[in-house]
Amino acid sequence: MSQQYPCIPSEVIFEILLRLPVKSLVRFKSVSKSWLSLLSSPQFINTHLNISRNNHRDVPHKLLMLDRDQILSKKCALCSTEKNSTVVCVDLDYPVKSPRCIPMFIGSCDGLVCLSVENSLVLWNPSTRKWKEIPQETTHMSQDYYCTYGFGYDKYNLDYKLVLVYSSKIKNSGNEVKVYSLRTNSWKKIKGFVSGYVYSNSGVLVNGIVHWHTRPHQDFNGCCYIVTFNLETEKQGKLDLPSYENEDVHWDLMSSRDSLFGFCHCESQGEVDIWVMKEYGVKESWTKFASVAYYVIPGIFYLPLYINEDGDVLLIDGQSLVLFNTRNNMYKDLHIHIPDARFRIDMATYNETLVSPVIDEEDGCKLW
């Protein structure tokens, strides 16, 4: 007599699949047409994404790292839990390679990574290997202008947006700002953006708002502050940084989950002060909770690469990556070799999702 297997209700199958890793779900798409339809449905993708968001402490983030040869060669999995932080490195490929280009991370959100490769802008899901090239936007600017980006999700309009900011290096003029919408697959110009020299790395995303730090122009003295852009309202704003009296300081911004962090490089003190904004938008809520001495890196210090919600900071120590615990000022060698720390190490974080880099799966989505 043949063995009879119980029939599992579709609702139970749905709940089981929701809790599986993306790698398994991608494989299971080939089980049957019904599973392919289920795993590709917006309902399943969005529910899976929300579970990942709500259980973020149990879901390890991935770190993408560019080495000195500007080759996207490693993917580091950093478990951001209180009791255990582990790192595993594997090789990782990426789309639109060019021997002449210097790839640059622009940002990541919901498992989508936005990167610049030569003259191309790409939206890419490393977990599903799907990607889309963003249409070029022509802007005529002189060499006196600096270009920076921001990337994130507009939850009100259910749209992923890329922000492009052109800022003058030498004069206090207005900035040219354009926004790309994934839903419409088009660019538009934004008026009324704040003046000021927006010279920073790619914008930092916190709660649907992109943040850049500014620097004084060459033709006037001024203080540094943070420029913001709300992806939902498409309005600009401004945040104050902590005050430093009679100090020549340089700021970098970073985010971890829903918190905004500021890294203040104090050359005269030989250290980097780490600040967190406890209450968003309130200057007085900036709280300094750690300082990292320059001697950690022999001779040179770059931007900290990553910080998790527990305050663990990923740093370069000579030719190795180390995890600095701000609670006890202890360092953990991650045994990851960095060929030459004099070259900037670019890094982005992402979580594994099924989110597609295109709205319509039949329109423009590619695999490599």
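Residues numbered from 1 in each chain as written. Predicted model: local features only at pLDDT ≥ 70, side-chain atom pairs only at ≥ 80, totals over all residues. Heavy atoms only, no water.

**A few points about the nonpolar core**
Ranked by size, the top nonpolar core spans 40 residues in total, and within it Phe 44, Ile 134, Phe 151, Tyr 160, Leu 162, Val 163 and Trp 212 carry the most contacts. No other element matches strand S9 (residues 159–168), which puts 6 residues into this core. If sequence neighbours within four positions are ignored, Tyr 160 has contacts with Leu 49, Cys 109, Asp 110, Leu 112, Phe 151, Gly 152, Tyr 153, Tyr 180, Ser 181, Leu 182 and Val 355. Ranked by size, the runner-up nonpolar core spans 15 residues in total, among them Val 206, Trp 251, Cys 266 and Trp 275. (Core = buried A, V, L, I, M, F, W, Y, C linked by side-chain atoms within 4.5 Å. Buried < 20%, exposed > 50% of the residue type's maximum accessible area, 1.4 Å probe, protein only. Helix = DSSP H or I, 4+ residues; strand = E, 2+ residues; numbered from the N terminus. Contact = heavy atoms within 4.5 Å.)

**With respect to a nonpolar patch on the surface**
A cluster of nonpolar side chains, namely Ile 8, Val 12 and Ile 16, defines an oily patch on the protein surface of about 240 Å² accessible area. Along the chain, the position of Ile 8 falls in the segment before helix H1 (10–18). Look at Ile 8 and you get partly exposed, because its relative accessible area is 47%. (Patch = residues over 30% accessible without salt bridge, like charges linked within 9 Å, V, L, I, M, F, W, Y side chains within 5 Å. Areas by Shrake-Rupley, 256 points an atom, 1.4 Å probe, with all protein chains shown as cover. Salt bridge = Lys/Arg side-chain N within 4 Å of Asp/Glu carboxyl O.)

**Remarks on the pattern of salt bridges**
Here the structure, examined in full by the defined rule, presents 7 salt bridges. Here Lys 161 makes a salt bridge to Glu 234, at a shortest N to O gap of 2.9 Å. Of the two residues, Lys 161 is situated in strand S9 and Glu 234 in the loop between strand S14 (225–230) and strand S15 (236–240); the sequence distance between them amounts to 73 residues. A residue is classified by how much of its surface remains accessible, and Lys 161, at 6% relative accessible area, is buried. For Glu 234, the salt bridge identified is with Lys 188, shortest N-O distance 2.8 Å. Pair noted here: Glu 234 is in the loop between S14 and S15 and Lys 188 is in strand S11 (residues 186–190), with a separation of 46 residues, a long-range link. Judged by its relative accessible area of 15%, Glu 234 falls in the buried class.

**A few points about the sheet that holds strand S12 (residues 204–206)**
The 4 strands are arranged S12-S13-S14-S15 in an open sheet whose pairing can be described as antiparallel. Lying at the two open borders of the sheet, with one neighbouring strand each, are S12 and S15. For this sheet, the mean angle separating the axes of adjacent strands, direction not counted, is 30 degrees. Sheet analysis places S12 next to strand S13 (residues 209–213), joined by 3 bridges and oriented antiparallel. Across the sheet, the residue bridging to Val 206 is Ile 209, located in S13. (Pairing = 2+ DSSP bridges. Axes fitted to C-alpha atoms, helices over the stretch in contact; angles between N-to-C directions.)

**Focus on the confidence of the model for the protein**
Chain-level pLDDT for the protein is 78 on average; 72% of the residues reach the 70-or-more range. Predicted confidence for residues 79–83 stays below pLDDT 50, and this span has 14 contacts to residues more than four positions away or in other chains. (pLDDT = per-residue confidence, 0-100.)

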